[in-house]
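# Understanding the architecture of this molecule
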Amino acid sequence: MRHPIAVADEPTAATPVQVDGRLAALGRFCHRRRRWVLGFWLLVLALGVLIGGRVFEGSVTGTSAGGSESARGESVVSASDSVRGTVVAVVDGEPVSDPAVRAAVTAATGQIGKLPGVASVADTYAAGPALTSTDGRASLISVRMAGGSTDAQLKAVTRELDALRADGVHTTVGGDLVLEREVKDQTAGDTRFGELVTLPLTLIVMVLVFGGLAAAGLPVIGAVASVGGALLAMFGFSKIMDIDTSVLPIATVLGLGLSIDYALLMVNRFREERGRGAGTAHAVERTAATAGRTIGFSGLTVAVALAGLFVFTSPVFRAVAAAGVSVVVISVAAALTLVPALLGFVGHRVKAPTAPVSDEGFFTRTVRRVQRRPVPVVLGCIALLLAAGAPFLGSEWRNSGAAVLPTSSVGRQVTETVQQRFPQQVPAPVTVVVDADRHTAQAYAEDVVAKLPGVSGIRSVAPVTDRVSTVEVLVHGDPQGGQAKSVVGELRADRGGLTTYVTGDAASVVDFQHEIATRGPWALGLVAVGTLVLLFLMTGSVVVPVKALLMNVLSLGASLGALTLVFQHGYLSGLLGFSPTGGLETFIPVLVFAFAFGLSMDYEVFLLARIKELRDQGHTCSRAVELGLQRSGRIITSAALLMVIVFAGFAAGQMLMVKEMGIALAVAVAVDATLVRCLLVPTAMTLFGEFNWWAPAPLRRLYQRIGLKEHVVLPPIPVAPAAASAAALPAQRAEQEAERAGAVG
């Protein structure tokens with residue numbers, strides 16, 4: 001049986017030299033005060049579960065382009081009509097004219113009208129045939145809830161509607177308030193399901209990677225604590241800004257993935273240090289000084305990518321930016337504090353490697369093969385990535401509404417029933433809010449709106465107040481298609497001398513696309529500049545950062561292309577369990593870009609850090625690439641596999657938006673960790689040779705002064721002679737017992 005290179009807890013002839021640096025000091029502190037550190041994170045987890053879990057209750061549903069005309073128009077109507085929302089019941093099964101049905105509906109509406117929180121209630125017998133289906137066998141009951149009405153009052157209304165009974169009649173309750181509740185409940189359920197699926201699977205994979213449960217369990221524990229902290233942070237943000245419900249699972253999946261990645265890197269480096277002969281305490285500080293530095297730098301690059309979302313004005317983008325950056329900070333903090341503390345408790349149980357990692361292996365052979373023909377490999381990879389991203393050029397963006405819920409959702413079923421059988425109740429594709437009385441608005445509708453090409457008619461002109469009216473405009477074709485968007489533009493170009501706000505789903509999509517087109521380049525520029533600066537500070541090169549930026553964009557294109565094929569065109573929709581809506585959710589491509597770009601840079605840092613370290617040790621560029629990929633390839637592919645598992649677990653949920661993010665990020669990570677890191681990066685660096693490390697003379701001097709040297713020079717670990725080992729054995733046993741008991745150092 002083979003033994004480790006040096007027995008990890010054997011005494012040494014001399015006390016190992018303490019590692020300099022703040023990260024090493026942080027590792028020492030967390031190891032010595034591990035009880036306090038663990039207690040702190042247990043408190044964070046408890047608060048995250050007890051308090052942070054309520055963030056789903058305080059979240060909002062529905063997205064709009066912040067400050068846009070469609071958002072302002074909706075605000076004008078909301079301010080003029082302070083109704084919280086509506087509850088709609090479909091009464092189906094018998095002819096509406098049936099006396100028994102009429103008696104049951106009339107009795108129910110009379111009772112509901114007396115309930116607290118109800119602003120008004122209408123049925124087909126009082127409001128007219130607009131609430132009767134086209135086949136005459138179903139009718140609607142519409143209940144408007146007053147502003148400030150409570151959830152308890154809403155539940156009382158839904159109970160009364162559910163209780164409506166008549167022979168041969170069944171009632172289904174929906175409406176925007178019911179949809180809002182179902183979206184929150186489904187999102188919370190999908191988040192819990194994703195966690196329950198991914199954590200056991202990641203534990204199994206890490207047992208296979210590390211060969212032991214002790215090392216494998218640490219990343220899972222760190223991830224759970226990070227999620228608790230993330231929920232707590234998002235709960236705090238929900239008190240000062242609107243947090244869209246869709247933000248919560250996105251932030252959760254990011255926290256899980258990053259926490260597992262970072263803890264994996266820490267545990268892997270700890271095992272290496274133990275294998276070199278370091279005791280637990282010294283292995284922790286050496287791990288904190290090296291892997292901790294990489295984690296801190298990686299977290300900074302991910303945070304920069306997410307910070308680009310602050311450039312946008314839409315609340316959903318800013319909420320994701322705030323939540324995402326806080327999750328990154330918490331994930332880094334957990335890796336740098338909680339993991340060293342946990343290693344203090346169970347580090348002696350972590351299996352050390354029995355031999356140094358070989359410099360010859362699968363990754364070395366792969367690099368050599370592609371280095372023999374670098375030009376065909378580079379061109380082939382680029383062509384493949386461009387082809388994979390091409391479908392995104394034909395993508396359509398839309399607001400899916402109730403279609404984001406699974407087909408089993410009662411709220412979605414009511415919405416689809418209304419669309420099919422009550423066409424007069426379907427929201428108009430375009431609504432114009434007119435700052436004028438009804439008569440002026442009517443004249444505007446007849447003189448301006450009805451004459452536009454693409455307009456198929458005016459459904460209604462309705463007063464909201466004495467000074468505000470709405471004009472519902474019908475269009476030819478897809479309600480969110482090109483014709484509808486053209487009508488939006490024409491209505492905004494000619495306002496008939498009035499103050500108007502063009503709103504509706506088509507207008508909302510137009511505003512989102514306009515915001516992305518105008519602010520997107522600024523966001524992209526911020527992310528690009530931040531990334532280039534950070535990578536320059538790490539490498540001292542201007543070539544490597546530019547090359548990394550271009551490669552990440554290529555891999556992102558492949559992810560967005562796959563997103564378009566699956567969710568717009570419906571490929572694999574049966575396998576994934578959803579019905580395609582004909583387009584992508586308006587804000588998803590931007591979020592995919594920010595998250596996937598950050599994660600790609602995460603792996604870029606892992607690989608470049610090792611290559612730069614080897615280059616600084618005097619290896620040629622080609623050899624540094626070979627050894628760098630050989631020594632980091634296993635950890636990168638393991639981390640990527642775990643990330644894919646996490647994203648796939650969330651994609652298995654029911655919410656369409658969560659599925660889109662999960663699939664897109666899983667594809668992005670898989671492509672980046674295989675095609676880009678294993679093929680494109682080595683061949684591109686081979687082609688550039690020593691030019692990879694070029695920088696103008698002024699920048700070289702700047703790097704020498706302020707560069708972030710990723711490689712940390714560690715003091716040697718002295719090895720004790722056999723006699724010294726025997727003499728010191730009782731003291732060593734005492735140290736082991738202290739470590740097992742978790743004593744404060």
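Residue indices begin from 1 for each chain and proceed along its sequence in written order. Reporting of local features is limited, given that this is a predicted model, to residues whose pLDDT is at least 70; pairs of side-chain atoms are given and counted only at 80 or more, and all residues count toward the totals for whole chains, interfaces and linings. Excluded from the side-chain calculation are hydrogens and water; included are all heavy atoms of the structure.

Moving on, we get to the nonpolar core. In this description, a nonpolar core means a group of buried Ala, Val, Leu, Ile, Met, Phe, Trp, Tyr and Cys residues linked to one another through side-chain atoms lying within 4.5 Å. Using a 1.4 Å probe on the protein chains alone, a residue whose accessible area is under 20% of its type maximum counts as buried, one over 50% counts as exposed, and one in between counts as partly exposed. Counting 155 residues, the largest nonpolar core has L309, F317 and F647 as the members making the most contacts within it. Here the element with the most residues in this core is helix α23 (residues 656–688); it accounts for 19 residues. Every residue in contact with L309, bar those within four places of it in the chain, is listed here: F317, R318, V320, A321, V590, L591 and A594. The way it works is that DSSP assigns letters per residue, a run of H or I at least four long becomes a helix, a run of E at least two long becomes a strand, and they are numbered from the N terminus. A contact between two residues is defined here by any heavy atoms of the two lying within 4.5 Å.

When you line up the elements, D494 lands in the loop between α17 (482–493) and β9 (500–503). Separated by 153 residues in the primary sequence, D494 and F647 place their C-alpha atoms 46 Å from one another. Look past the residues within four positions of D494 in its chain and what remains in contact with it is Y444 and V448. We call two N or O atoms a polar contact when they sit within 3.5 Å, provided that within protein one can donate a hydrogen and the other can accept it, with sequence-adjacent residues counted only if both atoms are side-chain atoms. At a separation of 3.1 Å, a polar atom in the side chain of D494 contacts the main-chain amide nitrogen of G496.

What follows covers the sheet that holds strand β4 (residues 170–174). When DSSP locates at least two bridges between a pair of strands, those strands are taken to pair. One open sheet holds the 4 strands; their spatial order is β2-β3-β1-β4, and the pairing between them is antiparallel. Each edge of the open sheet is held by one strand with a lone partner, namely β2 (118–123) and β4. Going across the sheet, the axis of each strand differs from the next one's by a mean of 15 degrees, ignoring polarity. The angle between two axes is taken between their N-to-C directions and runs from 0 to 180 degrees, where each axis is a line fitted to C-alpha atoms and a helix contributes only its stretch in contact. The sheet strands contacting helix α15 (residues 410–421) are β1 (83–92), β3 (138–146) and β4, and the helix crosses β4 at an angle near 105 degrees.

For patch building, the residue pool is restricted to those with more than 30% relative accessible area and no salt bridge; the joining distance is 9 Å between like charges and 5 Å between nonpolar side chains (Val, Leu, Ile, Met, Phe, Trp, Tyr). Computed with the Shrake-Rupley method and a 1.4 Å probe, the accessible areas treat only the protein chains shown as cover for residues. Salt bridges, as used here, are contacts in which a Lys or Arg side-chain nitrogen is within 4 Å of a carboxyl oxygen on Asp or Glu. Among the surface-exposed residues, V375, L379, L687, F688, F691 and W694 lie close enough to one another that they form a single nonpolar patch of about 580 Å² accessible area. Residue assignment for the nonpolar patch shows that the elements contributing at least two residues are α14 (374–389) and α23. Here V375 lies in helix α14. Note on V375: relative accessible area 43%, which makes it partly exposed.

Here α17 spans 17 Å end to end across 12 residues, near enough to the 16 Å set by a 1.5 Å rise per residue. Taken residue by residue, α17 has A484, K485, V487, V488, L491 and R492 as its buried positions. When α17 is viewed along its axis, its buried side chains cluster within an angular range of 155 degrees and face the same direction. In α17, those exposed residues whose orientation departs by more than 90 degrees from the buried face are G482 and A493. Multiplying 1.5 Å by the residue count of a helix minus one yields the expected span of that helix. Relevant arc is that of directions from the helix axis to the C-beta atoms, nothing else.

The next thing to look at is the confidence of the model for the chain. The pLDDT score gives, residue by residue, the confidence of the prediction method on a 0 to 100 scale. When pLDDT is averaged across the chain, the result is 82; 90% of the residues are at 70 or more. Below pLDDT 50 for its whole length, residues 1–13 participates in 37 contacts with residues either more than four positions away or in separate chains. Between residues 738–745, whose pLDDT stays under 50, and residues either more than four places distant or in other chains, the model counts 20 contacts.

For the rest of this paragraph, the subject is unusual backbone geometry. The backbone of L572 sits at a positive phi, close to 65 degrees, despite the residue not being glycine. When you line up the elements, L572 lands in the loop between α19 (543–567) and α20 (573–576).

Bringing the packing of aromatic side chains into the picture now. Aromatic pairing here means that ring centres of Phe, Tyr or Trp (its six-membered ring) are within 6.5 Å. Orientation follows from the plane angle: under 30 degrees is stacked, over 60 is edge-to-face, and everything else is tilted. Here the structure, examined in full by the defined rule, presents 9 aromatic pairs. Taking the centre distance of 5.2 Å and the plane angle of 80 degrees together, the rings of F362 and F363 count as edge-to-face. In this structure F362 comes out as exposed when scored by relative accessible area, which is 52%. Residue classification places F363 among the buried positions, given a relative accessible area of 11%.

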